[in-house]
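So the chains spell out like this:
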Amino acid sequence: GRMLEFGRSIWGKRSFTAKIDLKIGDNVLEFIQNDEIFRLDERSLQSSKFFDKCIDNPKLKNHHYYEGYFHGLEEADDIVSMHPRKGINFSKPAAPERLRAFIVAMREKNKCWTEKLATRLQKECKKGRSWLAGLIQKGKLAADLAVQVHWGEPVTGSDVNWHIDGPNSMIHFGLSIRGKRSLHTKTALSQTSKLEDEIEKELQQSAGNAYLATPSMVRHGVEYYQCDWKDRVIAIQCRMLLMDEDRNEYVNSFGDSDSLLKTTEIVAKFFMDADVQMPTLDDVKMVLKRMPVSTTNENRVKNYCITS
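Residues numbered from 1 in each chain as written. Predicted model: local features only at pLDDT ≥ 70, side-chain atom pairs only at ≥ 80, totals over all residues. Heavy atoms only, no water.

A. View of the sheet that holds strand β12 (residues 209-213). Ordered by their spatial adjacency, seven strands build an open sheet running β3-β12-β9-β14-β8-β5-β4, and the pairing between neighbours is antiparallel. Sheet topology places β3 (20-23) and β4 (51-53) at the edges, where each strand pairs with a single neighbour. The sheet shows a mean angle of 20 degrees between the axes of neighbouring strands, direction not considered. Across nine bridges, strand β5 (residues 63-71) lies against strand β8 (residues 144-152) in antiparallel orientation. For Tyr69, the partnering residue across the bridge sits in β8 and is Ala146. (Pairing = 2+ DSSP bridges. Helix = DSSP H or I, 4+ residues; strand = E, 2+ residues; numbered from the N terminus. Axes fitted to C-alpha atoms, helices over the stretch in contact; angles between N-to-C directions.)

B. Broad picture of the packing of helix α3 (residues 97-109) against helix α9 (residues 281-290). Close contact between α3 and α9 brings their axes to 8 Å; oriented N to C, the two are set at 110 degrees. Judged by the angle between their axes, α3 and α9 are roughly perpendicular. In the crossing of α3 with α9, the sense of the turn from one axis to the other is right-handed. Where α3 approaches α9, its residues Glu97, Arg98, Ala101, Phe102, Val104, Ala105, Glu108 and Lys109 are matched on the opposing element by Asp283, Val284, Val287, Leu288 and Arg290. (Parallel < 35°, antiparallel > 145°, perpendicular 65-115°, else oblique. Left-handed = near helix turned anticlockwise from the far one by under 90°. Contact = heavy atoms within 4.5 Å.)

C. Examining the sheet that holds strand β10 (residues 180-187) more closely. Within the open sheet, the three strands sit side by side as β11-β10-β13. Their pairing is antiparallel. At either end of the open sheet lies a strand with only one pairing partner, and these are β11 (199-206) and β13 (219-224). Going from strand to strand, the sheet's axes swing by 20 degrees on average, the running direction of each strand aside.

D. Representation of the packing of aromatic side chains within the structure. Across all of its chains, the model carries seven aromatic pairs by this definition. Considering the side-chain rings of Tyr66 and Trp151, the 5.8 Å spacing of their centres and the 15 degrees angle between planes classify their relative orientation as stacked. Of this pair, Tyr66 sits in strand β5 while Trp151 sits in strand β8, and the two are 85 residues apart along the sequence. Ring plane angle 85 degrees and centroid distance 6.2 Å describe the contact between Trp113 and Phe271, whose orientation is recorded as edge-to-face. Residue Trp113 is located in helix α4 (residues 111-124), and its partner Phe271 is located in helix α8 (residues 257-273); the two are separated by 158 residues in the primary sequence. For Trp113, a relative accessible area of 10% translates into the label buried. What makes Phe271 buried here is its relative accessible area of 0%. Members of the aromatic cluster, joined through ring pairs, are Phe50, Phe51 and Phe70. Just above the ring of Trp162 sits the side chain of Lys186; from NZ or CZ to the centre is 4.5 Å. The ring of Trp229 carries Arg232 above its face, with NZ or CZ at 4.0 Å from the centroid. (Phe/Tyr/Trp six-rings, centres within 6.5 Å; stacked < 30°, edge-to-face > 60°. Buried < 20%, exposed > 50% of the residue type's maximum accessible area, 1.4 Å probe, protein only. Lys NZ or Arg CZ within 6 Å of the ring centre and 35° of its normal.)

Treat this as a map of the structure, not an account of what it does.
Now the structure itself:
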């Protein structure tokens, strides 16, 4: 079941946090898996201009990690927004059509409770009104997609990269497309718990598993098992999309501890009762039918094998 917990310390008090475990329908998962990007062979992925080689564990020479960055808005053209790893603006391409349709349908299916959350934030958090509530109302939830591909030697034990996400993951949707991995978190049972009192939990993730969480407030790391290319892990991290107009609020979002703690409390408590709906295949196909075609031929016939 869902449990209200406490995460990172913010000027002496721990933030509120919560997580919702979700599942994608088998037919929806298969539909997404057939997007071109998820069927690239190893060589094509490594040479594609849409993926960057990432190194989080320099000593693990045989662990391979590639990441592609896309937007999950309905529009088909590139948009200028923040790079989730580098923090700089760049021209972000639209995600593959089926994945993008799923994300749009996800936002629409959950519009009722997310709009109520935004209204609550506006009423109770001055800072929340200026960034988190505004992002929800502008349809930016889960619209910044990082497609992560891992294979090779394992990342376990002391090699796991423990970290806390930026505030664009205050509301974060994680999705497993292929393979198996384990998400580890460290949380506490009270706002005043000491570091040594943190509890480590493990959540195994296989294809079709998903979750809604607040990783900007929780120390976490991902364990990867030994696998070859055919058993590779493909996971998608869906953060809030930050455009130029959001960047100042993003930078200032951690400047007011009372407002930030109140924001985490409101979000986590909303997670306790939120009626989170996963899109059906019909939902996804309906969105796909109405999605606009790119205004540029290059994007309309985009081939993810294109080299940089």
